[in-house]
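Overview (structure and organization)
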Amino acid sequence: MIQRGAWILVFAAAAGMAADFAAAQSPPASAKSQELYQNVYSGWKVWHVYCYRCHGINAVGTTLAPNLTDPNEKMRLQEFRTIVKTGSADGQMQAWDKLLDDKQIGQVFDYVRARADKVLPPGRPDEVGPKGGAWVPPAGWLPQR
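Reference entry: report on the structure contained in this document. None of the values given here were measured: they were computed from a predicted structure.

Axis separation between helix α2 (residues 31-50) and helix α5 (residues 102-116) bottoms out at 7 Å; the angle between their running directions is 100 degrees. In terms of orientation, α2 lies roughly perpendicular with respect to α5. Here N39, V40, S42, G43, W44, V46 and W47 of α2 come into contact with α5, specifically with Q104, Q107, V108, D110, Y111, V112 and A114. Taken together, the residues that form the contact of α2 with α5 break down as eight nonpolar, five polar and one charged.

If you want it as structure tokens, here you go:
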């Protein structure tokens, strides 16, 4: 019984050292990079509650709504916010002003822009980064607002 306990202790210590080593190997994220990641990830979460049914899981469009990753159709935050709040001019998209505030709309914009700029691959931002972990915003990338 003592032998089993000793092996468990050795295994736990080895796992702890491996985790410390992995943390030491990953570059520290700047506060700006972490904030950008959080905005994109939060935008992805809002997207999957309200937007994906019409615009597709990865913002690539469906028969119901346009592809928002098309580089020829990129829009600035103000135009994006206006359309999301008031709905589309042709009435195809409803207004979301009662459900989404400016911060949430900005986060959705950051997610869509990351997909449109091809810096965020398809999938969950917390699973598409290095070694299946969190996505890391490329150095110098910022959504063009």
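Turning to the pattern of salt bridges, a few remarks are in order. A side chain with one charge may pair with a side chain of the opposite charge, provided their charged atoms come close. For the coordinates displayed, the defined rule picks out six salt bridges. The closest approach of N and O atoms between K85 and D102, which form a salt bridge, is 2.7 Å. Residue K85 is found in helix α4 (residues 77-86), and its partner D102 is found in helix α5; the two are separated by 17 residues along the sequence. A relative accessible area of 37% places D102 in the partly exposed class. For D110, the salt bridge goes to R145, with nearest N and O atoms at 2.7 Å. With D110 in helix α5 and R145 in the segment after α5, this pair connects stretches of sequence that are 35 residues apart. Take R145: its relative accessible area is 45%, and that puts it in the partly exposed class. Each of R81, K85 and D102 takes part in salt bridges that share partners, so that together they form one network.

Looking now at the environment of Y52. Positionally, Y52 belongs in helix α3 (residues 52-55). Using a relative accessible area of 27% as the deciding quantity, one classes Y52 as partly exposed. Put simply, Y52 and A65 are 13 residues apart on the chain and 9.7 Å apart in space, counted from C-alpha to C-alpha. If we ignore the near neighbours within four places in the chain, the residues touching Y52 are W47 and I57.

With respect to the element layout, H55 can be found in helix α3. Classification of H55 as buried rests on a relative accessible area of 10%. Polar side-chain contacts of H55 include one of 3.0 Å to the backbone oxygen of P66. Non-local contacts of H55, meaning those with residues more than four positions away in its chain, are made with W47, V60, G61, T62, A65, P66, L68 and M93.

Basis of the calculations
Residues numbered from 1 in each chain as written. Predicted model: local features only at pLDDT ≥ 70, side-chain atom pairs only at ≥ 80, totals over all residues. Heavy atoms only, no water. Axes fitted to C-alpha atoms, helices over the stretch in contact; angles between N-to-C directions. Helix = DSSP H or I, 4+ residues; strand = E, 2+ residues; numbered from the N terminus. Parallel < 35°, antiparallel > 145°, perpendicular 65-115°, else oblique. Contact = heavy atoms within 4.5 Å. Nonpolar A, V, L, I, M, F, W, Y, C, P; charged D, E, K, R; others polar. Salt bridge = Lys/Arg side-chain N within 4 Å of Asp/Glu carboxyl O. Buried < 20%, exposed > 50% of the residue type's maximum accessible area, 1.4 Å probe, protein only. Polar contact = N/O pair within 3.5 Å; in protein donor to acceptor, adjacent residues only side chain to side chain.

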